[in-house]
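# Summary of structural features
Here's the letter readout for the chains.
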Amino acid sequence: MRKICVVVTARPSYSRIKTALKAIQKHPDLELQLVVAASALLERYGTAVNYIKADGFKIDAKVFNVLEGENLTAAAKTTGIGILELSSVFENLQPDIVVTVADRFETMATAIAASYMNIPLAHIQGGEVTGNIDEKVRHSITKLADYHLVASKDAKERVLQLGEEANSVFNTGCPSIDLAKEVQSLNKLSFNPYEKYGGVGAHPDLSQSYWVVMQHPVTNEYQNSRKHVETTLEAIRQQVDVPVLWFWPNVDAGSDGTSTGIRAFREKYDLSHVHFFKNMQGNDFLNLLDQSKGLIGNSSVGIRECAYLGVPVINIGSRQNRRQRGENVIDVDYSTEAITEAMQQIEKQSRPASTNIYGNGDAGKNIAQVLAQVELKFHKTIVY
């Protein structure tokens, strides 16, 4: 059996790969090796590893490599520690293929370690355009990777333009769309968020709908992360008639500023219509989004899953700059007034149509099939 080692480094990475993990696990010719690393292991970012275990996955190795600081130096050193630790993990597991996910800085460690150890590397979600450091990371991993399991037609064309061989690029769709397809049929909020996930803050009535907020720092604007989140907080403070469910930021340079801004604002003002969560299982989070008025912030879930679900999105700032998006997205700058106007616009208009830019809900099976059939290789030459 072919051993497929998947490295999950953060809470969003898990939802981006979950259905592929299940498909690999079920495939008769594949053996799943699961490595959980970085912020996916940390309580302050929601301990995603607990959800991974609850979903029935066996974890073959854990890598604790996050350096405290939440700044650019800490991110660079975290990546370096990750290379050291993952090299030992791969030496022990002896995988046939290593799989790395998307564009978070921690994934660079996975790609470098596998490449230098002559282990074939598969990259999920290459070829997409984003803002900040993620853009460099994503395309760098494309050049390190031997197989490219992309999520859209545009992404496939971009990977080919980067000089990759056509027979190594597969448009499988995004596994997170598989999860969105599962929750689309529920037609109601199927759980009590307060009872299941705790969190802090008020417990507003969600029966008449609510907004969801998820705002992360932007790594090349990280010094302004507190100022950025305060503009969003002020917009939310002014909309006291509608409940808001707010999610904690990812571990990135500037996330300390975002977190501090939230805490200080919460102490200064009455936010009796807002509740704060650290994390949530992927299916539950998408169910929550699907039943909401819309998503506010700068998370890629607004670009991907919300497009498929037809959930309105107010996308703030440059974090998702130039990313392919559906008609569900309203782009605004860091402005309380602009955010408020966009919220009012969404209240007045009908729900946007669903679009399948990032797949049809069968990505997990497609990825497993590709990994089972590709020729094992760890050498390539640019095609032009």
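The following paragraphs examine the structure supplied in this document. Since the model is a prediction, treat every value here as computed from it, not as a measurement. (Residues numbered from 1 in each chain as written. Predicted model: local features only at pLDDT ≥ 70, side-chain atom pairs only at ≥ 80, totals over all residues. Heavy atoms only, no water.)

### Considerations on the overall build of the chain
- Helix and strand counts for the chain stand at 15 helices and 14 strands.
- For the chain, the C-alpha radius of gyration of 20 Å lies close to 21 Å, the compact-globule estimate for 384 residues.
- Expressed along its principal axes, the backbone C-alpha trace of the chain runs to roughly 55 × 40 × 40 Å.
- Burial analysis of the chain (384 residues in total) assigns 60% to the buried set.
- Contacts in the chain between residues far apart in sequence, at least 24 positions, make up 73% of those at least 6 positions apart.
- A total of about 15,400 Å² of accessible surface is found on the chain, and carbon and sulfur atoms cover 47% of it.
- Taking the average place of the 40 positive charges on the side chains of the chain and the average place of its 43 negative ones, the gap between the two points comes to 1 Å. (Helix = DSSP H or I, 4+ residues; strand = E, 2+ residues; numbered from the N terminus. Rg over C-alpha atoms; globule rule 2.2 N^0.38 Å. Buried < 20%, exposed > 50% of the residue type's maximum accessible area, 1.4 Å probe, protein only. Contact = heavy atoms within 4.5 Å. Areas by Shrake-Rupley, 256 points an atom, 1.4 Å probe, with all protein chains shown as cover. Lys, Arg positive; Asp, Glu negative; His and termini not counted. Charge placed at Lys NZ, Arg CZ, Asp CG, Glu CD.)

### Digging into a positive patch on the surface
- Side chains of Lys-22, Lys-26, Lys-181 and Lys-365 sit close together on the surface and give a patch of like positive charge.
- When you line up the elements, Lys-181 lands in helix 8 (residues 175-183). (Patch = residues over 30% accessible without salt bridge, like charges linked within 9 Å, V, L, I, M, F, W, Y side chains within 5 Å. Salt bridge = Lys/Arg side-chain N within 4 Å of Asp/Glu carboxyl O.)

### Let's talk about the state of the cysteines
- Per the stated rule, a full pass over the model turns up 0 disulfides.
- With no disulfide of its own, Cys-174 has Cys-306 as its nearest cysteine by sulfur position, at a separation of 12 Å. (Disulfide = S-S within 2.5 Å.)

### Describing the nonpolar core
- Of all hydrophobic cores here, the largest spans 33 residues; its most connected members are Val-6 and Leu-371.
- Listing elements by their share of this core, those giving two or more residues are strand 1 (2-8), helix 2 (18-26), strand 2 (30-37), helix 3 (48-54), strand 4 (97-101), strand 5 (121-124), strand 6 (147-150) and helix 15 (363-373).
- The element that contributes the greatest number of residues to this core is helix 15, accounting for 5 residues.
- Listed in part, the 32 residues of the second largest apolar core include Ala-180, Tyr-197, Met-280 and Cys-306. (Core = buried A, V, L, I, M, F, W, Y, C linked by side-chain atoms within 4.5 Å.)

### Digging into the sheet that holds strand 10 (residues 244-247)
- Strands sit in the order 8-11-10-9-12-13-14 across an open sheet of 7 strands; the sheet is mixed. The open sheet has two edge strands, strand 8 (200-201) and strand 14 (329-332), and neither has a second partner.
- With 3 bridges joining them, strand 12 (residues 294-297) and strand 13 (residues 313-316) adopt parallel strand pairing. Bridge assignment links Gly-297 to a residue of strand 13, and that residue is Asn-315. (Pairing = 2+ DSSP bridges.)

### Details of the environment of His-228
- Checked against the element boundaries, His-228 lands in helix 10 (residues 225-238).
- For the pair His-228 and Asn-92, spaced 136 residues apart in the sequence, the C-alpha separation amounts to 44 Å.
- Every residue in contact with His-228, bar those within four places of it in the chain, is listed here: Gln-215, Glu-221 and Tyr-334.

### Some thoughts on the environment of Lys-365
- Assignment of secondary structure puts Lys-365 in helix 15.
- Separated by 341 residues in the primary sequence, Lys-365 and Ile-24 have C-alpha atoms spaced 7.8 Å apart.

### Points about unusual backbone geometry
- With phi around 55 degrees, Ala-38 is a residue other than glycine that occupies positive phi space.
- Examined against the element boundaries, Ala-38 turns out to sit in the loop between strand 2 and helix 3.
- In this model, Ser-209 sits at a positive phi of 80 degrees, which is unusual for a non-glycine residue.
- Within the secondary structure, Ser-209 sits in the loop between strand 8 and strand 9 (211-214).

### Some remarks on the pairing of strand 1
- Extensive coverage of strand 1 is indicated by the burial of 6 of its 7 residues.
- With 7 bridges connecting them, strand 1 and strand 2 associate as parallel partners. In the sheet register, Lys-3 faces strand 2, and the bridge partner there is Glu-31.

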